[in-house]
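# Observations on chain architecture
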Amino acid sequence: RPGIFFYFSLDTRTHHLRFFSFFFSFVITMKSTKDATKLVKEAQKLTKRTLFRWTPDFDAAAMMFDEAGLSFRNQKEHAAAYDAYTQAASAWINEESALAAGNSMENAAQCARDGNQGQDCVAAYSSSRLLHDG
């Protein structure tokens, strides 16, 4: 006898899977501003040398800055998201990943656009273009 999962049609299964994947991605990305601020502070610590860490971990720091930028963006904190994404771009540049740095600058430009910061938006888009071109 087939399991209960086979009694659903294909459309119903994909609909449920889409709902659950959307729900869990929504829960994961919805962090508070306080959590995003903690992420930024932790990422800034990773960009500095310490007694036990002789080289900065720019890769992990860049991912944390990007995650903080996404959280700030979801909370409509556009200025903080812009700062987080620009810090992520500089970390990606230190990691020598121009494509990821360009993507972070593009996200920063979108946050500046949403926050009505015209000059920052233009500067971020031009930096993004230069990073994508190589």
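Owing to the predicted nature of the structure, the values given are computational and were not obtained by experimental measurement. (Residues numbered from 1 in each chain as written. Predicted model: local features only at pLDDT ≥ 70, side-chain atom pairs only at ≥ 80, totals over all residues. Heavy atoms only, no water.)

Here we come to the overall build of the protein chain. A tally of regular secondary structure across the protein chain gives 6 helices and 0 strands. Listed by position from the N terminus, the elements making up the protein chain come as α-α-α-α-α-α. Relative to its 134 residues, the protein chain shows a buried fraction of 28%. Sequence separation of at least 24 residues holds for 49% of the intrachain contacts in the protein chain that already meet a minimum separation of 6. Only carbon and sulfur atoms are counted for the fraction: they give 60% of the accessible area of the protein chain, which is about 9,100 Å². (Helix = DSSP H or I, 4+ residues; strand = E, 2+ residues; numbered from the N terminus. Buried < 20%, exposed > 50% of the residue type's maximum accessible area, 1.4 Å probe, protein only. Contact = heavy atoms within 4.5 Å. Areas by Shrake-Rupley, 256 points an atom, 1.4 Å probe, with all protein chains shown as cover.)

Per the stated rule, a full pass over the model turns up 0 disulfides. Free of any disulfide, C111 has its nearest neighbouring cysteine sulfur in C121, separated by 10.0 Å. Residue class for C111 comes out buried when judged on its relative accessible area of 0%. (Disulfide = S-S within 2.5 Å.)

Applying the stated criterion across every chain, the model contains 2 salt bridges. A salt bridge links R113 to D114; its shortest N-O distance comes to 3.3 Å. Taking the shortest distance from any N to any O, the salt bridge between D133 and R129 comes out at 3.3 Å. Of this pair, D133 and R129 are both found in helix α6 (residues 118–133), 4 residues apart, which corresponds to roughly one turn of the helix. (Salt bridge = Lys/Arg side-chain N within 4 Å of Asp/Glu carboxyl O.)

The biggest cluster of nonpolar side chains holds 30 residues, and the ones touching the most others in it are V40, F65, A68, F72, Y82 and W92. Of all the secondary-structure elements, those providing two or more residues to this core are α2 (33–46), α3 (58–74), α4 (78–94), α5 (98–114) and α6. Top contributing element to this core by residue count: α4, with 8 residues. Discounting chain neighbours no more than four positions away, the residues touching W92 are D59, A62, M63, D66, S97, A100, A101 and S104. (Core = buried A, V, L, I, M, F, W, Y, C linked by side-chain atoms within 4.5 Å.)

Tracing the backbone shows H78 in helix α4. The buried category is assigned to H78, whose relative accessible area is 17%. Not counting residues up to four positions away in its chain, the partners in contact with H78 are C111, D114 and G115.

Here the focus is the confidence of the model for the protein chain. Residues at a pLDDT of 70 or more form 76% of the protein chain, whose mean pLDDT is 81. When pLDDT is averaged over each helix and strand of the protein chain, the minimum, 46, is found for helix α1 (residues 10–29) and the maximum, 95, for α4. (pLDDT = per-residue confidence, 0-100.)

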